[in-house]
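Spelled out from the first residue to the last, the chains are:
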Amino acid sequence: MGDRGLLRGVGIRGDGPARRTRRIAWMRERRWIAMGVVVAVVALVLDMLLAGVGHLLGGIVAPDHDMLYWLCSFTLATSAVASWSMFRFLICQGVSRRTIVTTQFAGNACIAAAVGAVLTVVAVVDIVVIRVPAWQIFVGRAEMIARYPYTLSWNPRYLSDEFGRTAVPMPRINWLVLTLAVFAFLMMAAMIGQTLGELAARLQVRGVLAALAVAFVVALLYGRLVPSGIRDTVDRLLAFMMGVYQRGVGMGRESAYSLWPLLGSMVVVSLLCGTASWLLIRRREVRPGIEAMA
Amino acid sequence: MSLSVTALTKQYGGSTALNRLSVTFEPNVIYGLFGRNGAGKSTLLGCIGNRLIPDTGRIVLDGEPLAECERLMARVYLANERLPWWDGVTLSAMLADCAHMDGRFDLGLARELVARFGLSPDAVYGRLSLGQRTMARMLIGLCMPVDYLFLDEPTTGLDPVNRRLMVEAVLEAYRRRSRTIVIATHEIAEFADILERAVIIDQGRRIDSFEVQDLCSHAALLVGPSDVVRAYAAGRGLRVLDVEHRGDSVSALVGMVSASEPEGGASASVAASSGFITGGLPDGVRARTPDLQTYMTRLVQRRH
């Protein structure tokens, strides 16, 4: 008791505690960014390998989907797991809920940018090595990598309506558009994942199972319950949001796509998901566990 | 300069864990936070640690609201049963992580405590026993460079030797860095020697708060014939907090703190009651100061 009395008044001086918590948040977020990029690359390689094996075996036709869906799905899942699991560590280290949300928001942007860059590099490599015989096995699949932004990037009229139908497409890829389009898709996927992760944390296991069951039933009954007129409108809206807004005919180089709706959608979706994540995390708690009762 | 909790209320569904609880933790004091299971101790600490969100009430550190303020939250650490690390991490990796996060983390003391508790630095946290996991969590808390340290059940699963080591570790950590340490525990006797103040809560409310060394002037046990003890207590204006019948005699816990007026009346009453058993006792009546555990137990059990 006496010793404690002598030690009184020593106190602790803080040296930028707010900076400390942001650093802690980034320490964790960096791991998730690295994981997001690794997962995306693994998805890319796996898909290409599967397609290659399919070609080698012959007769196995891979479903005709865009590689971007794979990447978006994996990024969404990574972001959801990060948002679900990172909270406990950070809140226990004195990081505020506001910092947790904003750090993950920034982390999502980093993941999307990094994977976008990787995908652009893959596309470049694809074009460079396309004449190598060994690569031919993968060519069919490789061409499908990010097909939609790839298509976008081929069209020189994507940004300006003034060219209209008369513009002459140039046989040259615009890498910036390719990268931006991939970034926009992945950013939206990551933000939706963050929101779903927060939602899962709030609903807990039983709630998540119930939500999945409801989503499954709605997906099954969507075609029957929703009139075709509304479905068409939704499809047109989604197509517009994704930038498939064309003035020309078909989906070839004659079409005039626009990147702006996609970028606008990215901003709107990110803001909506960011707001939803903030509203969800504001009341998120780490409740005392069973062990405390032992 | 203190950490004040004012009128804190927290409900889980229909049950009330904290009911307008108010308490103040002064700087550089070691507190004991006592109460029965479900009294609200862990919930109170969870609210202070920003892990739980109170329904109403305020938590203020040095005059500023604590919740969501990182500048202030960096001065507070709660070590409880929820370890923020993944179960697959080794103890040495956890300590390295702490040191990496905050350069002021007392890595030297942490390593010393790991050795003292007989833990292996290479042990994976998830494979440790219940007691070893408790030691790991608490020693990390003790080495955190904070002004307010809250230890929730620091002896869960510990054997008597390790319980004693834990008490010594708390004192050692305090010697190295002066700070407020709040220990929420049921092992009152183990920690009684190092506590300066005690806070007792029950059913989500603070029912008593006092200087441990003043317990002798705060409450007393009177043993003797029932009618004589009751008459003496009434004549001296003492409140009978609890009575245990032992044949023809009773053991009465008396004090100036009433369970019916829990908030705020304690300090004034201590002064008023100082020396209340120093006068002559009636024949057949003996008086002694209860130990901390007896006082807490009997004070709380009367309310149920």
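All values derive from a computational prediction rather than experimental measurement.

What counts, and at which threshold
- Residues numbered from 1 in each chain as written.
- Chains lettered and ligands numbered in written order.
- Predicted model: local features only at pLDDT ≥ 70, side-chain atom pairs only at ≥ 80, totals over all residues.
- Heavy atoms only, no water.
- UniProt positions renumbered as here; feature names shortened; annotations may be inferred.
- Helix = DSSP H or I, 4+ residues; strand = E, 2+ residues; numbered from the N terminus.
- Domains from an automatic or database assignment.
- Contact = heavy atoms within 4.5 Å.
- Buried area = accessible area lost by both parts, 1.4 Å probe.
- Salt bridge = Lys/Arg side-chain N within 4 Å of Asp/Glu carboxyl O.
- Polar contact = N/O pair within 3.5 Å; in protein donor to acceptor, adjacent residues only side chain to side chain.
- Nonpolar A, V, L, I, M, F, W, Y, C, P; charged D, E, K, R; others polar.
- Phe/Tyr/Trp six-rings, centres within 6.5 Å; stacked < 30°, edge-to-face > 60°.
- Buried < 20%, exposed > 50% of the residue type's maximum accessible area, 1.4 Å probe, protein only.
- pLDDT = per-residue confidence, 0-100.
- Pairing = 2+ DSSP bridges.
- Core = buried A, V, L, I, M, F, W, Y, C linked by side-chain atoms within 4.5 Å.
- Arc of directions from axis to C-beta.
- Axes fitted to C-alpha atoms, helices over the stretch in contact; angles between N-to-C directions.

Draft legend 1. Seen up close, the UniProt feature "domain: ABC transporter" (unreviewed entry) in chain B. Residues annotated by UniProt as "domain: ABC transporter" (unreviewed entry) correspond here to residues 3-228 of chain B. For residues 3-228 of chain B, the helix share is 33%, the strand share is 30%, and the end-to-end C-alpha distance is 44 Å.

Draft legend 2. Structural context of the domain arrangement of chain B. Residues and elements named next belong to chain B. According to the domain assignment, chain B contains domain 1 (3-203) and domain 2 (214-301). A separation of 33 Å is found between the C-alpha centroids of domain 1 and domain 2. Facing twelve residues of domain 1, the contacting portion of domain 2 comprises seven residues. For the domain 1 and domain 2 pair, buried surface summed over both sides reaches about 770 Å², with 77% attributable to carbon and sulfur atoms. When the buried surface of domain 1 facing domain 2 is broken down by residue, Arg36, Ile188 and Ile200 rank first, second and third, together holding 52% of it. At the boundary of domain 1 with domain 2, the tally comes to zero salt bridges. Taken together, the links from domain 1 to domain 2 amount to one residue pair in polar contact (both at pLDDT 80 or more). Elements with a minimum of two residues in the side of domain 1 that touches domain 2: β2 (15-25), α7 (188-191) and β9 (197-202). Here the side of domain 1 that touches domain 2 takes three residues from β9, the largest share from any one element. In terms of residue class, the side of domain 1 that touches domain 2 is built from seven nonpolar, two polar and three charged.

Draft legend 3. View of the packing of aromatic side chains. Residues and elements named next belong to chain B. This model, assessed by the stated rule, comprises three aromatic pairs over all chains. For the pair Phe25 and Phe150, a centre-to-centre distance of 5.8 Å together with 75 degrees between the ring planes defines the contact as edge-to-face. Of the two residues, Phe25 is situated in strand β2 and Phe150 in strand β7 (residues 148-152); the sequence distance between them amounts to 125 residues. One exposure class covers both Phe25 and Phe150, and it is buried. Geometrically, the ring pair formed by Phe210 and Tyr295 is edge-to-face, given 5.4 Å between the ring centres and 85 degrees between the ring planes. Placement of the pair is Phe210 in strand β10 (residues 205-211) and Tyr295 in helix α11 (residues 292-301), with a sequence separation of 85 residues. Exposure remark for Phe210: the relative accessible area of 5% places this residue in the buried category. Counting every residue linked through ring pairs, the aromatic cluster contains Phe25, Tyr31 and Phe150.

Draft legend 4. Quick look at the confidence of the model for chain B. All names here are of chain B. Put simply, chain B has an average pLDDT of 87, and 91% of its residues get 70 or more. For chain B, helix α10 (residues 266-273) is the element with the lowest average pLDDT, namely 38, and strand β8 (residues 180-184) is the one with the highest, namely 97. This model gives residues 257-275 a pLDDT under 50, and the stretch forms 30 contacts once residues within four places in sequence are excluded.

Draft legend 5. The environment of Ala74 of chain B, seen in detail. All names here are of chain B. Looking at where Ala74 falls in the secondary structure, it is placed in the loop between α2 (70-73) and β6 (76-79). The class of Ala74 is buried, set by a relative accessible area of 6%. Measuring from C-alpha to C-alpha, the distance between Ala74 and Phe105 comes to 12 Å, with 31 residues separating the pair along the chain.

Draft legend 6. Structural detail: the sheet that holds β2 of chain B. Residue and element names in this part refer to chain B. Overall, antiparallel pairing links the four strands, which are arranged β2-β1-β4-β5 in an open sheet. Sheet topology places β2 and β5 (64-65) at the edges, where each strand pairs with a single neighbour. Two strands pair when backbone bridges link them, and strand β1 (residues 3-12) and strand β4 (residues 56-61) are joined in this way by five bridges, in the antiparallel orientation. Considered in β4, the bridge of Val5 is made with Ile59.

Draft legend 7. Expanded view of the nonpolar core. Residues and elements named next belong to chain B. Core analysis: the largest hydrophobic core is formed by 80 residues, its most contacted members being Ile140 and Leu292. By residue number, the principal contributor to this core is helix α6 (residues 160-176), which donates eight residues. Apart from residues no more than four positions distant in its own chain, Leu292 is found in contact with Phe34, Ile188, Ala192, Leu195, Ala198, Phe210, Val212 and Leu215.

Draft legend 8. Representation of the side chain of Thr195 of chain A within the structure. Inspection of the secondary structure assignment puts Thr195 of chain A in helix α7 (residues 175-225). Beyond its immediate stretch of four places on either side in the chain, Thr195 of chain A contacts Cys273, Ala276, Ser277 and Leu280 of chain A.

Draft legend 9. Main features of the UniProt feature "transmembrane region" (unreviewed entry) in chain A. Residues and elements named next belong to chain A. When the UniProt feature table is mapped onto this chain numbering, "transmembrane region" (unreviewed entry) sits at residues 32-61, 67-87, 108-130, 173-193, 205-223 and 259-281. Between the first and last C-alpha atoms of residues 205-223 the distance is 29 Å; the span itself is 100% helix and 0% strand. Secondary structure across residues 259-281 comprises 96% helix and 0% strand; the distance between its end C-alpha atoms is 32 Å.

Draft legend 10. Region of interest: helix α4 (residues 107-116) of chain B. Residue and element names in this part refer to chain B. Those residues of α4 lying buried are Leu109, Ala110, Leu113 and Val114. For α4, the buried positions fall inside an angular range of 140 degrees around the axis, keeping them on one side. Summarising the geometry of α4, the exposed residues directed more than 90 degrees from the buried face are Arg111 and Ala115. Turning to α4, the residues buried within the fold contact α3 (91-101), α5 (130-142) and α6. One or two positions beyond α4, positive phi appears at Gly118, with a value near 75 degrees.

Draft legend 11. The sheet that holds strand β12 (residues 239-246) of chain B, seen in detail. Residue and element names in this part refer to chain B. In space, the four strands of this open sheet follow the order β12-β13-β11-β14, with antiparallel pairing throughout. At either margin of the open sheet sits one strand with a lone partner, and together these are β12 and β14 (286-288). Strand-to-strand twist in this sheet, taken as the mean axis angle between neighbours without regard to direction, amounts to 20 degrees. Where helix α9 (residues 226-235) meets the sheet, it contacts β11 (219-225), β12 and β13 (249-255), and its direction lies at approximately 140 degrees from that of β11. Most of the contacts of α11 go to β12, to which it runs at about 95 degrees, and overall it touches β11, β12 and β13.

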